[in-house]
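Geometric and topological summary
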Amino acid sequence: MARRKKIYEGKAKILYEGPEPGTLVQYFKDDATAYNAQKKDVIDGKGVLNNRLSEFFMTGLNAIGVPTHFIRRLNMREQLVRSCEIIPLEVIVRNFAAGSMSERLGIEEGTALPRPIVEYCYKDDKLGDPLVTEEHIAAFGWASQQDMDDILSLALRVNDYLSGLMYGVGIRLVDFKIEIGRVYEGDYQRLVVADEISPDSCRLWDIETGQKLDKDVFRRDLGNLTDAYTEVAQRLGVIQKGAMPITKPTLIN
């Protein structure tokens, strides 16, 4: 295999130069982190499951007219995506109180919110991805007002799609986070959903039992993370029941 140029390595993924101009290869690692990487482990099969699930969600969003960076899956751990300029924000949509919202506001976890609440965090691991307001975003030039209008619209459309999809298989979408990228086509710019959508970036609870089927399983030592992600993938029909993900990593030179 020819050596590929590494563009960026994050906590859960590696980006390599793509085979065509304007493309990247996104590789999903088995690394699991929590509490701003203070807790770390390697979970066999996690990268395979997240690659397959993110493909499933991104393909579905593309099909209903929500633009994403996803082009196609290449193998069990890699997908081809469009290169884009990532806006330095995590966009969080909350349907139920959980995690940091419960801690900040003293709201019991699982409390239904009166409407979906959209929050923004500045992407900076050294700062712990602090919560910011639209005033910060405008003042520091991270995104224009038109960008913010479009980001809000995209986030709520993603929420509608994921909520309905999950409800149909008995899963409550508690919250999720996405990243948004700018794609340039000549002089024209458009915003797309980028990065990934997977149980790493969503809170997913079984509607009947409240069982957590997301990264909180790792954060809070609630069981086997691969089993939780496999349950989500099986309910959605991404993998067949009884099938196990291929855990051996694709070799990268």
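Each remark here, short or long, concerns the structure printed above.
This is a predicted model, so every value here is computed, not measured.

What counts as what
- Residue positions are given per chain, counting from 1 as you read along its sequence in written order.
- Residue-level local features of this predicted model are given only where pLDDT is at least 70; pairs of side-chain atoms are given and counted only at 80 or more, and the full residue set underlies all totals for whole chains, interfaces and linings.
- No hydrogens and no water enter the side-chain calculation; it runs on all heavy atoms of the structure.
- Criterion for a salt bridge: a side-chain nitrogen of Lys or Arg within 4 Å of a carboxyl oxygen of Asp or Glu.
- In this description a helix means any DSSP run of H or I spanning at least four residues, a strand means any run of E spanning at least two, and both kinds are numbered starting from the N terminus.
- Throughout, exposure labels follow a simple rule: accessible area from a 1.4 Å probe, protein chains only, divided by the maximum for the residue type, with under 20% read as buried, over 50% as exposed, and the rest as partly exposed.
- Two residues form a contact once any of their heavy atoms are found within 4.5 Å.
- Here a polar contact is recorded for every N or O atom pair within 3.5 Å, except that within protein the pair must consist of a potential hydrogen donor and a potential acceptor, and residues adjacent in sequence are included only if both atoms are side-chain atoms.
- Here the nonpolar core consists of buried residues drawn from Ala, Val, Leu, Ile, Met, Phe, Trp, Tyr and Cys, with membership extended through side-chain atoms lying within 4.5 Å.
- Reported domain spans reflect what an automatic or database domain assignment gives.
- Aromatic pairs are defined between Phe, Tyr and Trp rings, using the six-membered ring for Trp, whenever the two ring centres lie within 6.5 Å; interplanar angles under 30 degrees are classed as stacked, those over 60 as edge-to-face, and all others as tilted.
- Any Lys NZ or Arg CZ that is within 6 Å of a ring centre and within 35 degrees of that ring's normal is treated as a charge sitting over the ring.
- Two strands qualify as a pair provided that DSSP identifies no fewer than 2 bridges between them.

1. Side note on the pattern of salt bridges
With the rule as written, the count across this model stands at 27 salt bridges. Linking Lys-123 and Glu-179 is a salt bridge whose minimum nitrogen-to-oxygen distance equals 3.0 Å. You can see Lys-123 sitting in the loop between strand E10 (112-122) and strand E11 (131-132) and its partner Glu-179 sitting in strand E12 (residues 171-185), a full 56 residues away along the chain. Salt-bridge contacts for Asp-216 lead to Arg-219; the nearest nitrogen and oxygen are separated by 2.6 Å. Placement of the pair is Asp-216 and Arg-219 together in helix H5 (residues 216-219), with a separation of 3 residues, close to one helical turn. By sharing partners, the salt bridges in this structure join Arg-94, Arg-104, Glu-109, Glu-119, Asp-175, Arg-203, Asp-216, Arg-219 and Arg-220 into a single network.

2. Examining the environment of Arg-190
When you line up the elements, Arg-190 lands in strand E13 (residues 188-194). Assessed through its relative accessible area of 29%, Arg-190 is described here as partly exposed. Note: C-alpha distance between Arg-190 and Ile-137 (53 residues apart in sequence) is 18 Å. Setting aside residues up to four positions removed in sequence, Arg-190 forms contacts with Pro-67, Arg-82, Gly-181, Arg-182, Val-183 and Glu-185. Polar side-chain contacts of Arg-190 include one of 3.5 Å to the side chain of Glu-185.

3. Comments concerning the nonpolar core
Counting 48 residues, the largest nonpolar core has Val-158, Ile-178, Ile-180 and Ile-197 as the members making the most contacts within it. If you tally residues by element for this core, the top one is helix H4 (residues 145-167), at 8 residues. Taken domain by domain, this core gets at least three of its residues from each of domain 1 (6-82) and domain 2 (85-224). Setting aside chain neighbours within four positions, we find Ile-197 in contact with Leu-53, Ser-54, Phe-57, Met-58, Leu-61, Val-158, Leu-162, Ile-178 and Cys-202. Core analysis: the second largest hydrophobic core is formed by 5 residues, Ile-14, Tyr-16, Val-25 and Tyr-27 among them.

4. Description of the packing of aromatic side chains
Following the criterion strictly, the structure yields 3 aromatic pairs and no others. Where Phe-56 meets Phe-57, the ring centres are 5.7 Å apart and the plane angle is 65°; that geometry is what we call edge-to-face. The exposure class assigned to Phe-56 is partly exposed, which follows from its relative accessible area of 27%. Aromatic pair Tyr-122 and Trp-142: ring centres 4.3 Å apart, planes at 10°, arrangement stacked. You can see Tyr-122 sitting in strand E10 and its partner Trp-142 sitting in the loop between helix H3 (134-139) and H4, a full 20 residues away along the chain. Using a relative accessible area of 21% as the deciding quantity, one classes Tyr-122 as partly exposed. Looking at Trp-142, the relative accessible area reads 17%, which means it is buried. An aromatic cluster is built from Tyr-122, Phe-140 and Trp-142, whose rings are joined through pairwise contacts. A cation over a ring is seen here: Lys-39 above Phe-218, with NZ or CZ 4.8 Å from the ring centre.

5. Here's the deal with the pairing of strand E7 (residues 78-82)
Burial analysis of E7 places 4 of its 5 residues in the buried class, which makes it a mostly covered element. Pairing analysis gives 5 bridges linking strand E3 (residues 23-28) to E7, with the strands arranged antiparallel. In the sheet register, Leu-24 faces E7, and the bridge partner there is Val-81. Two elements, strand E6 (residues 70-73) and E7, share 3 bridges in a ladder whose sense is antiparallel. Looking at the pairing, Phe-70 lines up with Val-81 of E7. In textbook terms, the turn of a hairpin is the stretch between consecutive antiparallel strands, and for E6 and E7 this stretch comprises 4 residues.

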